[in-house]
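Here are the chains, one letter per residue:
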Amino acid sequence: MTTTNKHGGNDFQAVNIAVLTVSDTRTTENDTSGQALADRVTEAGHNVFDRAIVKDDVYQLRAIMSKWIADPSINAVVSTGGTGFTSRDNTPEAIMPLFDKNVEGFGELFRHVSYHEIGTSTIQSRAFAGMANSTVIFCVPGSTNACKTAWDKIIKEQLDASHKPCNFAPHLNFAPACETRG
């Protein structure tokens with residue numbers, strides 16, 4: 001249950017987040033991108049509910065993501081890796097068919113923000129997001145800096161029920177609806 005604070009906004013509510021690293025080479029010992037995301041999740045007051053590393057294989061990706069989407073305890077997933085253009089980058093092809101709705105603006109906003117950091121190379125990112133079974137899913141590139149950018153400049157605010165005028169919390173089955181832009 002989310003309550004309203006004295007300033008008229010919603011109080012912060014911790015979100016249960018699963019962190020997925022998509023890689024053929026990363027292990028728990030060298031997964032700096034997944035670790036950066038997990039650290040930021042906990043620093044923001046949310047819960048790392050589950051964490052996994054999976055090979056960049058369409059069916060392995062769909063299996064873990066489907067499991068998390070079906071779990072009512074998981075409110076959000078942040079995935080890192082597999083969003084480029086190599087033959088082994090399969091995250092969009094694997095995950096997008098699972099969405100009930102696409103979050104069209106996420107990839108656009110990520111590339112806009114990223115442009116100011118890495119210039120035109122940002123066009124090689126196929127970052128994307130969507131909703132499935134009241135779970136919001138953000139898929140970002142595998143570089144540690146890209147993960148930090150995505151979390152710090154976009155995802156953190158969108159998972160914070162107190163962020164105005166709107167955020168994803170109301171769509172995760174535990175918060176009131178967004179305010180209008182008046």
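Anything mentioned here points back to the structure above.
Quick look at the structure, then. (Residues numbered from 1 in each chain as written. Predicted model: local features only at pLDDT ≥ 70, side-chain atom pairs only at ≥ 80, totals over all residues. Heavy atoms only, no water.)

### Focus on the overall build of the protein
Note the following rule: The helix and strand labels rest on DSSP assignments: H or I over at least four residues marks a helix, E over at least two residues marks a strand, and numbering proceeds from the N terminus. Relative accessible area decides the class of each residue, using a 1.4 Å probe on protein chains only: under 20% of the type maximum gives buried, over 50% gives exposed, and in between gives partly exposed. A contact between two residues is defined here by any heavy atoms of the two lying within 4.5 Å.
Helix and strand counts for the protein come out as 5 helices and 6 strands. Overall, the protein shows an N-to-C arrangement of helices and strands of β-α-β-α-β-α-β-α-β-β-α. Seen through its principal axes, the protein has C-alpha atoms that stretch 50 × 35 × 30 Å. Counting over 182 residues, the protein shows a buried share of 49%. Counting only contacts in the protein whose residues sit at least 6 apart along the sequence, the fraction spanning at least 24 positions is 70%.

### Let's talk about the pattern of salt bridges
For clarity, the threshold we go by: Here, a salt bridge means any side-chain nitrogen of Lys or Arg that lies within 4 Å of a carboxyl oxygen of Asp or Glu.
Using the criterion set out here, one finds 5 salt bridges in the structure. Its salt-bridge partner being Asp 31, residue Arg 51 comes within 3.2 Å of it at the nearest N-O pair. With Arg 51 in strand E2 (residues 47–54) and Asp 31 in the loop between strand E1 (16–22) and helix H1 (32–43), this pair connects stretches of sequence that are 20 residues apart. The class for Arg 51 is partly exposed, based on a relative accessible area of 30%. Between Glu 93 and Arg 126 there is a salt bridge, with the nearest N and O atoms lying 2.7 Å from each other. Taken together, the positions of Glu 93 in helix H3 (residues 91–95) and Arg 126 in the loop between helix H4 (104–118) and strand E5 (128–132) put the pair 33 residues apart, joining distant regions of the chain.

### Digging into the environment of Arg 26
Tracing the chain through its elements places Arg 26 in the loop between E1 and H1. With a relative accessible area of 42%, Arg 26 lands in the partly exposed category. For the pair Arg 26 and Pro 165, spaced 139 residues apart in the sequence, the C-alpha separation amounts to 38 Å. If we skip the residues at most four places from it in the chain, Arg 26 touches Thr 21, Asp 31 and Ile 53.

### Overview of helix H5 (residues 144–158)
Formally: Expected helix span is given by 1.5 Å per residue-to-residue step, counting one fewer step than there are residues. The quantity called bend is, for any residue, the angle between two axes fitted respectively to the seven residues ending at it and the seven beginning at it.
Helix length check: H5, at 15 residues, gives a terminal C-alpha distance of 20 Å against a target of 21 Å (1.5 Å per residue), a fit within 8%. Roughly 45 degrees is the biggest bend found in H5, and it falls at Trp 151. Along H5, the residues that are buried comprise Thr 144, Ala 146, Cys 147, Thr 149, Ala 150, Trp 151, Ile 154, Ile 155 and Gln 158.

### Thoughts on the packing of H1 against H5
How we decide: Note on method: axes are straight lines fitted to C-alpha atoms, helices fitted across the in-contact stretch only, with angles between N-to-C directions ranging 0 to 180 degrees. Roughly parallel refers to an angle under 35 degrees, roughly antiparallel to one over 145, roughly perpendicular to one between 65 and 115, and oblique to any angle outside these ranges. Should the near helix be turned anticlockwise from the far one by less than a right angle, the crossing is left-handed, and should it be turned clockwise, the crossing is right-handed. Here the nonpolar group is Ala, Val, Leu, Ile, Met, Phe, Trp, Tyr, Cys and Pro; Asp, Glu, Lys and Arg are the charged ones; every other residue, Gly included, is treated as polar.
Remark: H1 packs on H5, axes separated minimally by 8 Å, with the N-to-C direction vectors making an angle of 25 degrees. With respect to H5, the axis of H1 lies roughly parallel. For H1 against H5, the interelement crossing comes out right-handed. In this structure, H1 uses Thr 32, Ser 33, Ala 36, Leu 37, Arg 40 and Val 41 to contact H5, whose residues at the interface are Thr 144, Cys 147, Lys 148, Trp 151 and Asp 152. Residues of the contact of H1 with H5, tallied by class, amount to 5 nonpolar, 3 polar and 3 charged.

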